[in-house]
Amino acid sequence: MTIDFADPELIRNPYPALAELRERGPVRWHDADRMWLAASHATVRTVLRDRHFGRIWRDREPAERFAPFNLLHRNQMMENEPPVHTRLRSLVASAFARGHVTRLGPAIAARARQLLDRAPDEFDLLADFAEPLAVDVIAELLGVPGADRHLLRPWSAAIVRMYEPAPAPETEERAVRASAEFAAYLRALADDRRRRPRDDLLTHLVTARDGADRLTGDELVASAILLLNAGHEASVNALGGGWVALWRHPAQLARVRADRGLIPSAVEEMVRYDPPLHLFVRTATSDVRVGDVTVPAGARIAALLGAANRDPAVFAEPDRFDVGRDPNPHLGFGAGVHFCLGAPLARLELRAGLAALLDEPLELSEEPEQRPTFVLRAYRRVVVRR
């Protein structure tokens, strides 16, 4: 079969096509994008964990045109492998782990409640709730002033649209411009933290050391932007998509409303059932066997996370939304050395956001509007009313 990642029907509901792909074989060649596709839980997990697959960054060409975009990606941990990845991740993780995340739980819950209290009777669950909640959390963690936080979401949205197959020229232009503006802003903010340190993550990144090592200026900016982008993009999309899934399964919504102890497992099911990231590409650094295929050195292979998360070999009734699903070994946060560094923060946000939403008698006002993207699966608008 042939999959067109730009097909509106696939974007609307990718799971039947992904199931057919998985049934035809756990690893299949995709001629349109010249790469292999891994669609079973076992093969996706192998692609994510096997050290013979790497995240190999190649600058987009022409290099002069894409210089701001390339700079951010060339110097971030997600686009590098050990030992560079190990060094960058350890420096960032050491700052990320200094109590910044765990202390945020009560503040996140309070912010979620505040946003819903301020929302009108009819509002956009994304623009009026999920986005400001996630942006405020990661911006507060990093130390971005409140007056500047409105800049972050547009910059991030422009950059991440580049991760889709075959972005349009205008998408490329917006991403390059956003990369340059975002980097310039973070450099200025980092300079301010060097002069006037504060108790925030950006200050810790400025001073982060691993022995005699430390982040370069480009690495600091790239790391901060990665944290800002990844720190809210997935949470917004998972909360929006997860609430829509809950609303479309009223028995499950009633179940978690009646038993708030199910909120943690409900969050995991939201991420499994409709993950915010559907495709993650790796490159074979040597010939490596995956499933029944040998992927040759230099070839690319895409881990299809949404397909893996609906694999009947791992999940009983995989197309059923079950807030009490246990066990739930989904791959929504990745696996291996690139496992999402911000997963604990995302889980905090999703649990707090869901808990606040469960207190409200919300209904959909209109059919949710899907974002026309496959790699980052998301809604553009989810209008609800009390």
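The rules behind these values
Starting from 1, residues in each chain are numbered consecutively following that chain's sequence as written. In view of the model being predicted, local features appear only for residues whose pLDDT reaches at least 70, and side-chain atom pairs are presented and counted only at 80 or more, with totals across whole chains, interfaces and linings using the full set of residues. The side-chain figures draw on all heavy atoms in the structure; neither hydrogens nor water molecules are used. Here a strand is any run of E in DSSP of at least two residues, a helix any run of H or I of at least four, and the numbering for each starts at the N terminus. Take the residue count of a helix, subtract one, and multiply by 1.5 Å to get its expected span. Buried, partly exposed and exposed residues are distinguished by accessible area as a fraction of the type maximum, computed with a 1.4 Å probe on protein chains only: under 20%, between the cut-offs, and over 50%, respectively. N or O atoms closer than or at 3.5 Å make up a polar contact, with two conditions inside protein: a donor-capable atom paired with an acceptor-capable one, and, for residues adjacent in sequence, both atoms drawn from side chains. A contact between two residues is defined here by any heavy atoms of the two lying within 4.5 Å. Any two strands between which DSSP finds at least two bridges are classified as paired. With axes taken as lines fitted to C-alpha atoms, and helix axes fitted only over the stretch in contact, angles between N-to-C directions fall between 0 and 180 degrees. Helix crossings get a hand from a simple test, with the near helix turned counterclockwise from the far one by less than a right angle marking a left-handed crossing and a clockwise turn marking a right-handed one. Put simply, Ala, Val, Leu, Ile, Met, Phe, Trp, Tyr, Cys and Pro go in the nonpolar bin, Asp, Glu, Lys and Arg in the charged bin, and everything else, Gly too, in the polar bin. The rule is short: rings of Phe, Tyr and Trp, with Trp giving its six-membered ring, pair when the centres are within 6.5 Å, and they are stacked under 30 degrees, edge-to-face over 60, tilted in between. Two conditions define a charge sitting above a ring: the NZ of Lys or the CZ of Arg must be within 6 Å of the ring centre, and it must be within 35 degrees of the ring normal.

Draft legend 1. How the structure looks around helix 11 (residues 217–247). Between its first and last C-alpha, helix 11 extends 45 Å over 31 residues, near the 45 Å set by a 1.5 Å rise per residue. Across the 31 residues of helix 11, 26 count as buried, placing the element largely inside the fold.

Draft legend 2. Representation of the side chain of histidine 330 in the model. Among the secondary structure elements, histidine 330 is positioned in the loop between helix 14 (305–308) and helix 15 (343–358). Reaching out from histidine 330, the side chain makes a polar contact with the backbone nitrogen of glycine 332 at a distance of 3.0 Å. With residues up to four places along the chain from it excluded, the contact list for histidine 330 reads Glu268, Val271, Arg272, Asn309, Phe315 and Arg347.

Draft legend 3. Structural context of the sheet that holds strand 11 (residues 363–364). Strand order in the open sheet formed by three strands is 4-14-11, and the pairing between neighbours is antiparallel. In the strand order of this sheet, the two ends are held by strand 4 (122–124) and strand 11, each with one partner. Pairing between strand 4 and strand 14 (residues 383–385): three bridges, direction antiparallel. Its bridge partner lying in strand 14, aspartate 124 is registered against valine 383.

Draft legend 4. Structural detail: the packing of helix 6 (residues 105–118) against helix 7 (residues 126–142). Contact geometry of helix 6 with helix 7 gives a least axis separation of 10 Å together with a crossing angle of 150 degrees. The handedness of the crossing between helix 6 and helix 7 comes out as right-handed. Between helix 6 and helix 7, the residues in contact are Ile108, Arg111, Ala112, Leu115 and Leu116 and Asp128, Phe129, Pro132, Leu133, Asp136 and Val137, respectively. Classifying every residue of the contact of helix 6 with helix 7 gives eight nonpolar, no polar and three charged.

Draft legend 5. Geometry of the packing of aromatic side chains. Applying the stated criterion across every chain yields a total of six aromatic pairs. Here the aromatic rings of tyrosine 273 and phenylalanine 321 are separated by 5.1 Å at their centres, their planes lie at 80 degrees, and the arrangement is edge-to-face. Note that tyrosine 273 is positioned in helix 13 (residues 263–273) and phenylalanine 321 in the loop between helix 14 and helix 15, a separation of 48 residues in sequence. An aromatic cluster of at least three residues, connected via ring pairs, comprises Trp155, Phe182 and Tyr185. Positioned over the ring face of tyrosine 273 is arginine 310, at 4.1 Å from the centre of the ring.

Draft legend 6. Summary view of the sheet that holds strand 10 (residues 300–304). An order of 1-2-10-7-3 is seen for the five strands of this open sheet, with the pairing classed as mixed. The sheet is open, and its two edges are formed by strand 1 (27–30) and strand 3 (53–54), each paired on a single side. Examined bridge by bridge, strand 1 and strand 2 (residues 35–38) share four bridges and lie antiparallel to one another. When the sheet's bridge partners are listed, arginine 28 is paired in strand 2 with leucine 37. Contacts between helix 3 (residues 41–49) and the sheet are confined to strand 1, strand 2, strand 3, strand 7 (279–284) and strand 10, with strand 10 contributing the most and set at about 125 degrees to the helix.

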